[in-house]
Amino acid sequence: MATPPPPSDLSISGIALSSLLHLASTSPSDSSGLLGGHLSLPSSPSPPLSDFDPSPSVPTPSSSSSLFITHLVSFNSPLSFFSSLGHVDASLVQSHFPNSSPVGWFSFRRSSSLRPSMREFAVSVSLAKTLGSNTPCVFLLLSSSLSPNRAVHTYDYRAFLLSPGVNPVLEPVSLRVLNVGPSSSGGQYDSFSANLSALPSVPCVIRGVDDANAMVICSEGEKKKSKKEDSLVTLKEKAREQKVLDVSTEGFAVERLEKLVGGPADAYTHEIEELYGSMLRKLESLTSQVEKTSSVVFEQENRNLELRCKLAGME
């Protein structure tokens, strides 16, 4: 059976790439894992229909295929699904992919060049033998670096494809990131069309100003005014409104705030100034609390970063 040609297009979803970068930023040490996805094989075009040509030419199938990385399976240790000599544990790979086959694997190394090592090459060859000759093997190498003041974190990645043959080689290939939008493959976003429907009529409830218990109900252009007696529901609603009001301004009751709305508000200028003053004092208190909390969080992040660097052997 002839070996199929390597895929000409290698792409990864934005979610899978962001998961890889998140794994690299939160991992306490070097890590590795398997990549899942699917291979789109070349399809044969339909033969041309003609009423005049008695012997139409046979169309040649397209030789280009595309490989799409959709998800990943990460492990806690660098020597996870392979040994120190680069031999892949086929039973472990099959346990994580019972209904499908992985399309490759990835490795994350801190402060290192994006060049595959001899062990990574051996793992790629062993994984390709486990997958079979019909499935290409992709190797994604990730690395990170820090600025001298540890303020800037840089993450780099490079994709490699194991060339088939007697003497396989990891060849660097371009990796295309697919995000949600018009540039996504499949054309499902270009063909989307919304179904417009008429909006149902929604009754509008407006509360009066002069009378706290008055309620105006507007529905389809008809306005009706009715009196509402104090009940348990009204008391609960006032308590909820007072709780929301206390979040921003303490000391102002709902009845006191009602005087600041509408026509009679001109006679309560002092009340408005006191209201804004109370809100500003509340904001200043919240700002000071946020500053103190941010400084504590920043110090804790620096301590965690130093511990990670020590565990990774960077110091």
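Keep in mind it's a predicted model, so treat the numbers as computed, not measured.

1. Remarks on the pairing of strand β3 (residues 66–74)
- As judged from the four bridges shared by strand β1 (residues 9–13) and β3, these two strands associate in the parallel manner. Paired with Asp-9 across the two strands is Ser-66, which belongs to β3.
- Here strand β2 (residues 31–40) pairs with β3 via eight bridges, running antiparallel. Bridge pairing in β3 links Gly-33 to Ser-74.

2. Re the pattern of salt bridges
- Throughout the structure, instances matching the rule amount to two salt bridges.
- Between Arg-109 and Glu-120 there is a salt bridge; the shortest N-O distance is 2.9 Å. Taken together, the residues Arg-109 in strand β4 (residues 104–110) and Glu-120 in helix α3 (residues 118–131) connect sequence positions eleven residues apart.

3. Thoughts on unusual backbone geometry
- In the Ramachandran plot, Ser-111 falls in the positive-phi region, its phi being about 50° despite a non-glycine side chain.
- Inspection of the secondary structure puts Ser-111 in the loop between β4 and α3.
- Not every positive phi belongs to a glycine, and Arg-150 is a case in point at roughly 60°.
- Tracing the chain through its elements places Arg-150 in the loop between β5 (138–146) and β6 (153–162).
- A relative accessible area of 29% places Arg-150 in the partly exposed class.

4. A look at the nonpolar core
- By size, the foremost hydrophobic cluster in this structure holds 21 residues, and its most contacted members are Leu-34, Phe-81, Val-88, Trp-105 and Leu-127.
- Every element with two or more residues in this core is listed here: α3, β5 and β6.
- Ranked by residues supplied to this core, first place goes to α3 with five residues.
- Beyond its immediate stretch of four places on either side in the chain, Leu-127 contacts Leu-34, Val-88, Gly-104, Trp-105 and Cys-137.
- Membership of the second largest hydrophobic core comes to 19 residues, among which are Phe-106, Phe-108, Leu-142 and Leu-175.

5. Here we look at the pairing of β5
- With seven of its nine residues buried, β5 lies for the most part within the structure.
- Bridge count between β4 and β5: seven bridges; the pairing is parallel. Looking at β5, one finds that Ser-107 is bridged to Leu-141.
- Alignment of β5 against β6, held across nine bridges, turns out to be antiparallel. For Phe-139, the partnering residue across the bridge sits in β6 and is Phe-160.
- If you look at the hairpin formed by β5 and β6, you'll find six residues sitting between the two strands, and Arg-150 has a positive phi there, around 60°.

Reading guide: rules and limits
- Chains are numbered independently. Their residues run from 1 in the order of the written sequence.
- Whole-chain, interface and lining totals are the exception, using all residues; otherwise, since this is a predicted model, local features are given only for residues with pLDDT of at least 70 and side-chain atom pairs are given and counted only at 80 or more.
- Side-chain measures were taken over the full set of non-hydrogen atoms in the model, leaving aside hydrogen atoms and water.
- A pair of strands is labelled paired if DSSP reports no fewer than 2 bridges between them.
- Helix and strand definitions here come from DSSP, where helices need a minimum of 4 consecutive H or I residues and strands a minimum of 2 consecutive E residues; each element is numbered from the N-terminal end.
- A pairing counts as a salt bridge when a side-chain nitrogen of Lys or Arg comes within 4 Å of a carboxyl oxygen of Asp or Glu.
- Type-normalised accessible area, obtained with a 1.4 Å probe on protein chains alone, sets the label of each residue: buried when under 20%, exposed when over 50%, and partly exposed for intermediate values.
- Joining through side-chain atoms within 4.5 Å is the link that ties buried Ala, Val, Leu, Ile, Met, Phe, Trp, Tyr and Cys residues into a set, and such a set is a nonpolar core.
- By definition, residues are in contact when any of their heavy atoms lie within 4.5 Å.

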